[in-house]
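# Summary of structural features
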Amino acid sequence: GTVLDGYAAYTRNFGYEEKLQNLIQFDSLGTDVNNPFVFKNNIRFAYNKYNGQIDFKKKLNKIIKVETGIKAVHTDDNTPNNITIIQNKAEIDASNYFSYDENVFAAYGLSYINLGKWNIQAGLRVENTQTKGTLSLIDSVFTRNYTNLFPTGNITFVPNDKRSHALMYSRRITRPEGDQLNPVLNIIDPYS
């Protein structure tokens, strides 16, 4: 038989987070030196992800089945960080505004062959990734555009109902999220 299916999805994640760190300094006698270290970070984040996929599956005969498909994913991540540091009684604005856009376009093909006790699967996925990150307060932009191939292969031998032996290979990728690329200032104390 022939099967054609697909989906489309939209995800939105947004919110607000406030961090406040107030460090009071004391001299060797334990007296407050009246020079606090303050770190404030007010974060408003908005994350949108749009994706869609179409798959086509067809059984050619009793032995061979094929599958192909395409997928597109667009992600945008906007995170303004309003950062204020008070140190040595001076107020410093260390804010940044980071936006990250990513597009991933993929196409794949798989074939399945059933030869009795032997099952063979071979496939290839091609992906094109386009990314752009903008740190607007210092006017810094980075872009990347690359294409990768991801082969897969499995050979399985099933001698009986209780045992099977398999040899598998696949190449995968893990992409960072936009907030992992944000060079936001994170202060633990006045020294780190």
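A brief structural summary.

Conventions we followed
Residues numbered from 1 in each chain as written. Predicted model: local features only at pLDDT ≥ 70, side-chain atom pairs only at ≥ 80, totals over all residues. Heavy atoms only, no water. Salt bridge = Lys/Arg side-chain N within 4 Å of Asp/Glu carboxyl O. Buried < 20%, exposed > 50% of the residue type's maximum accessible area, 1.4 Å probe, protein only. Helix = DSSP H or I, 4+ residues; strand = E, 2+ residues; numbered from the N terminus. Patch = residues over 30% accessible without salt bridge, like charges linked within 9 Å, V, L, I, M, F, W, Y side chains within 5 Å. Areas by Shrake-Rupley, 256 points an atom, 1.4 Å probe, with all protein chains shown as cover. Lys, Arg positive; Asp, Glu negative; His and termini not counted. Charge placed at Lys NZ, Arg CZ, Asp CG, Glu CD. Contact = heavy atoms within 4.5 Å. Phe/Tyr/Trp six-rings, centres within 6.5 Å; stacked < 30°, edge-to-face > 60°. Pairing = 2+ DSSP bridges.

To continue, consider the pattern of salt bridges. Using the criterion set out here, one finds two salt bridges in the structure. The shortest N-O distance in the salt bridge between Glu127 and Arg125 comes to 3.0 Å. On the accessibility criterion, Arg125 (25% relative accessible area) is partly exposed. For Arg175, the salt bridge goes to Glu127, with nearest N and O atoms at 2.5 Å. Note that Arg175 is positioned in the loop between strand S8 (163–170) and helix H1 (178–181) and Glu127 in strand S6 (residues 118–135), a separation of 48 residues in sequence. On the accessibility criterion, Arg175 (23% relative accessible area) is partly exposed. Through salt bridges that share partners, Arg125, Glu127 and Arg175 make up one connected network.

This brings us to unusual backbone geometry. For residues that are not glycine, phi is negative in most cases, and the peptide bond is trans in most cases. Phi at Asn34 is positive, roughly 55°, even though this residue is not glycine. Tracing the backbone shows Asn34 in the loop between strand S1 (2–23) and strand S2 (37–59). Owing to a relative accessible area of 52%, Asn34 belongs among the exposed residues under this scheme. Positive phi, normally seen in glycine, also occurs at Asn88, with a value near 55°. For Asn88, a relative accessible area of 57% gives the class exposed.

The next point concerns a positive patch on the surface. A grouping of Lys57, Lys59, Lys62 and Lys65 is seen on the molecular surface, where their side chains present a positively charged patch. Tracing the backbone shows Lys62 in the loop between S2 and strand S3 (64–87).

Our next topic: the side chain of Asn96. Of note, Asn96 is situated in strand S5 (residues 96–115). The residues contacting Asn96, other than those within four sequence positions of it, are Thr79, Pro80, Asn81, Leu135, Leu137, Asn182, Pro183 and Val184.

Looking now at the packing of aromatic side chains. With the rule as written, the count across this model stands at four aromatic pairs. Considering the side-chain rings of Tyr10 and Tyr50, the 4.8 Å spacing of their centres and the 35° angle between planes classify their relative orientation as tilted. Separated by 40 residues along the polypeptide, Tyr10 in strand S1 and Tyr50 in strand S2 bring together distant segments of the chain. Judged by relative accessible area, Tyr10 falls into the partly exposed class, the value being 44%.

Turning to the pairing of strand S4 (residues 90–93), a few remarks are in order. Where S3 and S4 come together, four bridges link them in antiparallel fashion. By the bridge assignment for S4, Ile85 is matched with Ile92. Once S3 ends, the chain turns through two residues before running back antiparallel as S4, passing Asn88 with a positive phi of about 55°.

Let us now look at the environment of Phe56. Its location among the elements puts Phe56 in strand S2. Once residues within four sequence positions are removed from consideration, Phe56 is found in contact with Thr2, Val3, Leu4, Val66, Glu67 and Thr68.

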